[in-house]
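This is what each chain is made of:
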Amino acid sequence: MTSAPSQSPQELSDDTQPSANDYIAAAPRISVQAFCETAETAAAVRSAGQDRRMAKAHLTVKLGGMAAAIAAYHNAPTPNVIVLESEGSSDILTGLDELASVCDPGTRVIVIGCEQDEVPYRDLVRRGVNDYVVGPVSPIDVVRSICSLFSAQEAITVGRVIAVVGAKGGAGASTVAHNVAWAIARDLKLDSVVIDLDLAFGTAGLDYNQDPMQGIANAVFQPDRPDSAFIDRLLAKCTDHLSLLAAPATLDRVYDLGINAFDAIFDTLRMTTPCIVLDIPHQWSGWTKRALEGADDILIVAEPDLANLRNTKNILSVLKAARPNDRAPLYCLNQVGMPKRPEIDKGGFAKTMESQPIACIPFDSRLFGTAANNGQMIAEIAASHRTSRMFLDIAHQLTGLGESRKKKRRSLLAPLLGKLKTG
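What counts, and at which threshold
Residues numbered from 1 in each chain as written. Predicted model: local features only at pLDDT ≥ 70, side-chain atom pairs only at ≥ 80, totals over all residues. Heavy atoms only, no water. Helix = DSSP H or I, 4+ residues; strand = E, 2+ residues; numbered from the N terminus. Buried < 20%, exposed > 50% of the residue type's maximum accessible area, 1.4 Å probe, protein only. Contact = heavy atoms within 4.5 Å. Areas by Shrake-Rupley, 256 points an atom, 1.4 Å probe, with all protein chains shown as cover. Pairing = 2+ DSSP bridges. Right-handed = clockwise from strand over helix to strand, strands pointing away. Axes fitted to C-alpha atoms, helices over the stretch in contact; angles between N-to-C directions. Parallel < 35°, antiparallel > 145°, perpendicular 65-115°, else oblique. Left-handed = near helix turned anticlockwise from the far one by under 90°. Nonpolar A, V, L, I, M, F, W, Y, C, P; charged D, E, K, R; others polar. Arc of directions from axis to C-beta. Phe/Tyr/Trp six-rings, centres within 6.5 Å; stacked < 30°, edge-to-face > 60°. Salt bridge = Lys/Arg side-chain N within 4 Å of Asp/Glu carboxyl O. Core = buried A, V, L, I, M, F, W, Y, C linked by side-chain atoms within 4.5 Å.

### Some thoughts on the overall build of the chain
Phase 1 of the analysis: Counting secondary structure elements, the chain contains 18 helices and 13 strands.
Phase 2 of the analysis: Expressed as a percentage of the 423 residues in the chain, the buried residues total 48%.
Phase 3 of the analysis: Considering only intrachain contacts with a sequence separation of at least 6, the fraction spanning at least 24 residues in the chain is 79%.
Phase 4 of the analysis: Summing over all exposed atoms, the chain offers an accessible surface of approximately 20100 Å²; the carbon and sulfur share of this is 52%.

In structure tokens:
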């Protein structure tokens, strides 16, 4: 067993609800075996195995706790990770000592304990426990604990993937995606790549005033798995922090793609790029569904009409069910206030979605038309315009960087406020 604890029991008892700045990197190809003492914990671990971040991991769950684990490994090799549930047993240290005698070198151990545990954390660390989680656990607790063992210890750079999709054709999702990516790169100073996945009709090259000879199609159709050097040669540099993997936007071939067509490209970019923005076309196919389900955060762009309302509700319902341990997809309203067009107001949308839109972007044909025709972003031609500020706010909400700064400000004042209250 190896020893590299990441958090103390107190730290792990904090709020476990997923948020934008509670980023969890996906687990690599590993084997995980869990030995639980209660059916509730076993169910939570099984549910964790269905999480998108555990897609490459092979997880098995058994009952019996420590005793079952020791018995199993007397005659079998140990997996990459062992998850053990302990219900306050006083002899957990003895059990860990015996388990260590049958464990292969390099096996990592996670202990799920309870509030009644009286074993000092340092004693668990000395016996090679890598992480300790106070039960009862939720699936996201298990996912976080397993994934953090590898992302933290191996210092792997894993980029956040943000998927932007329109609820209906013409809703302006591409325009929103490109402007939000620009704000992430320019204002948040986060190295980013925009991937235009509308291979036949993509507009990212036009919006960024780029005409690259190569792009996403070269990576999709090449026979070998793309590596970082190959992908780098395909990227068009838009700014110091923003690059583009452009769509060919030609009709000389039919783009019938398999469900896994983009997996290798996304995985490769994740290793080198902090933020990847996917401009997903409005179509429902195996690969678009997979790209949405595999993203870290999702933004749905909708116009304020009935068809967009229905489609947004359907997309939200499907993706919430497929991603139970992730933050729910966000949505924004676009082209709000178009003259002479009857619209469903923000309140009507919010009531149906059971959540508020994160932005309501006003219709402004002159502003957006000028930007499109010039190959510029809104912030380039009207930096102080309220729409530019909206795109920046969306960037903050999708990356979680704005939330982080606000929390830090509050925490700095907390000691002083506490003294004033008690004074």
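### Some remarks on the pairing of strand S11 (residues 297-302)
Phase 1 of the analysis: Here S11 lies mainly inside the structure; 6 of its 6 residues are buried.
Phase 2 of the analysis: Pairing of strand S6 (residues 160-166) with S11, which is carried by 5 bridges, proceeds in the parallel orientation. Residue pairing across strands places Ala-163 opposite Ile-298, the latter belonging to S11.
Phase 3 of the analysis: For S11 and strand S12 (residues 330-336), the ladder comprises 4 bridges, and the chain directions are parallel. Among the inter-strand pairings, Val-301 is bridged to a residue of S12, identified as Cys-332.
Phase 4 of the analysis: This β-α-β element, S11 to helix H13 (residues 306-322) to S12, shows right-handed connectivity.

### Details of the packing of H13 against helix H14 (residues 346-353)
For any two helices packed against each other, the geometry is given by the interaxial angle and the distance between the axes.
Phase 1 of the analysis: Taken N-terminus to C-terminus, the directions of H13 and H14 make an angle of 30°; their axes are 10 Å apart at the nearest point. What the angle tells us is that H13 and H14 run roughly parallel. The way H13 lies across H14 gives a crossing that is right-handed. When H13 is examined against H14, the residues Asn-308, Leu-309, Thr-312, Lys-313, Leu-316 and Lys-320 are found in contact with a partner set consisting of Gly-348, Phe-349, Thr-352 and Met-353.
Phase 2 of the analysis: When its residues are assigned to classes, the contact of H13 with H14 shows 4 nonpolar, 4 polar and 2 charged.

### Some remarks on the sheet that holds strand S8 (residues 236-237)
Phase 1 of the analysis: Read from one edge to the other, the open sheet built from 8 strands follows the order S8-S9-S7-S10-S6-S11-S12-S13, with strand pairing classed as mixed. Each having just a single partner strand, S8 and strand S13 (360-362) make up the two edges of the open sheet.
Phase 2 of the analysis: Relative to strand S10 (residues 275-280), S6 is paired through 6 bridges, and the arrangement is parallel. Its bridge partner lying in S10, Val-165 is registered against Ile-280.
Phase 3 of the analysis: Here H13 sits on the sheet in contact with S6, S11 and S12, set at roughly 165° to S11.
Phase 4 of the analysis: Against the sheet, helix H17 (residues 386-399) makes contact with S6, S11, S12 and S13, and its axis sits at roughly 155° relative to S13, the strand it touches most.

### So, helix H15 (residues 365-374)
Phase 1 of the analysis: Looking only at H15, the buried set comprises Leu-367, Phe-368 and Ala-371. Burial along H15 is one-sided: seen end-on, the buried residues are contained in an arc of 90°. In this structure, H15 carries Ser-365, Arg-366 and Asn-373 as exposed residues pointing more than 90 degrees from its buried face.
Phase 2 of the analysis: Buried-residue contacts for H15 involve helix H7 (173-186), S13, helix H16 (378-381) and H17.
Phase 3 of the analysis: Of the residues flanking the end of H15, it is Gly-375, one or two places downstream, whose phi is positive at about 65°.

### So, the packing of aromatic side chains
Phase 1 of the analysis: One pass over the structure, following the stated rule, counts 5 aromatic pairs.
Phase 2 of the analysis: Aromatic side chains Phe-35 and Tyr-73 sit 5.6 Å apart centroid to centroid with 80° between the ring planes, which places their arrangement in the edge-to-face category. A residue pair is termed long-range when its members are at least 10 positions apart, and Phe-35 in strand S1 (residues 31-36) and Tyr-73 in helix H3 (residues 65-73) qualify at 38 residues. Across the pair, Tyr-73 and Phe-35 agree in class, each one buried.
Phase 3 of the analysis: Judged by centre distance (6.3 Å) and plane angle (35°), the ring pair of Phe-221 and Tyr-255 falls under tilted. Of this pair, Phe-221 sits in the loop between helix H9 (216-220) and helix H10 (228-234) while Tyr-255 sits in the loop between strand S9 (242-245) and helix H11 (263-270), placing them 34 residues apart in sequence.
Phase 4 of the analysis: Taking relative accessible area as the criterion, Phe-221 reaches 31% and is therefore assigned partly exposed.
Phase 5 of the analysis: Counting every residue linked through ring pairs, the aromatic cluster contains Phe-262, Phe-266 and Trp-287.

### Regarding the pattern of salt bridges
Phase 1 of the analysis: Summed over the entire model, instances satisfying the criterion amount to 16 salt bridges.
Phase 2 of the analysis: With its nearest N and O atoms 3.9 Å apart, the salt bridge here joins Arg-225 to Asp-267. Here Arg-225 is found in the loop between H9 and H10, whereas its partner Asp-267 is found in helix H11, with 42 residues between them in sequence.
Phase 3 of the analysis: Look at the salt bridges and you will find they share partners, linking Asp-51, Arg-52, Arg-53, Arg-270, Asp-296, Arg-323 and Asp-326 into a network.

### A closer look at the sheet that holds strand S5 (residues 129-134)
Phase 1 of the analysis: Overall, parallel pairing links the 5 strands, which are arranged S2-S1-S3-S4-S5 in an open sheet. Of all the strands in the sheet, just strand S2 (58-63) and S5 have a single pairing partner and so form its edges. Neighbour-to-neighbour, the strand axes of this sheet turn through a mean angle of 15°, independent of strand direction.
Phase 2 of the analysis: Relative to strand S3 (residues 81-85), S1 runs parallel, the two sharing 4 bridges. Opposite Phe-35, over in S3, you have Leu-84 as the bridge partner.

### Section: the environment of Ala-261
Phase 1 of the analysis: Within the secondary structure, Ala-261 is located in the loop between S9 and H11.
Phase 2 of the analysis: Linking Ala-261 and Ala-219, residues 42 residues apart in sequence, is a C-alpha distance of 9.6 Å.

### Some words on the nonpolar core
Phase 1 of the analysis: Grouped together as the largest cluster of nonpolar side chains are 43 residues, with contacts concentrated most on Ile-195, Leu-197, Ile-216, Phe-262, Ile-265 and Leu-278.
Phase 2 of the analysis: If sequence neighbours within four positions are ignored, Leu-278 has contacts with Val-161, Ile-162, Ala-163, Val-164, Ile-195, Leu-197, Phe-266 and Ala-291.
Phase 3 of the analysis: The next biggest cluster of nonpolar side chains, apart from the first, holds 40 residues, and it includes Ile-162, Val-164, Ala-185 and Ile-361.

### Notes on unusual backbone geometry
Phase 1 of the analysis: Omega for the peptide link from Gly-135 to Pro-136 comes to 0°, which places this bond in the cis form.
Phase 2 of the analysis: Take Pro-136: it is sitting in the loop between S5 and helix H6 (139-153).
Phase 3 of the analysis: Even without being a glycine, Lys-189 presents a positive backbone phi close to 55°.
Phase 4 of the analysis: Topologically, Lys-189 is positioned in the loop between H7 and strand S7 (192-196).

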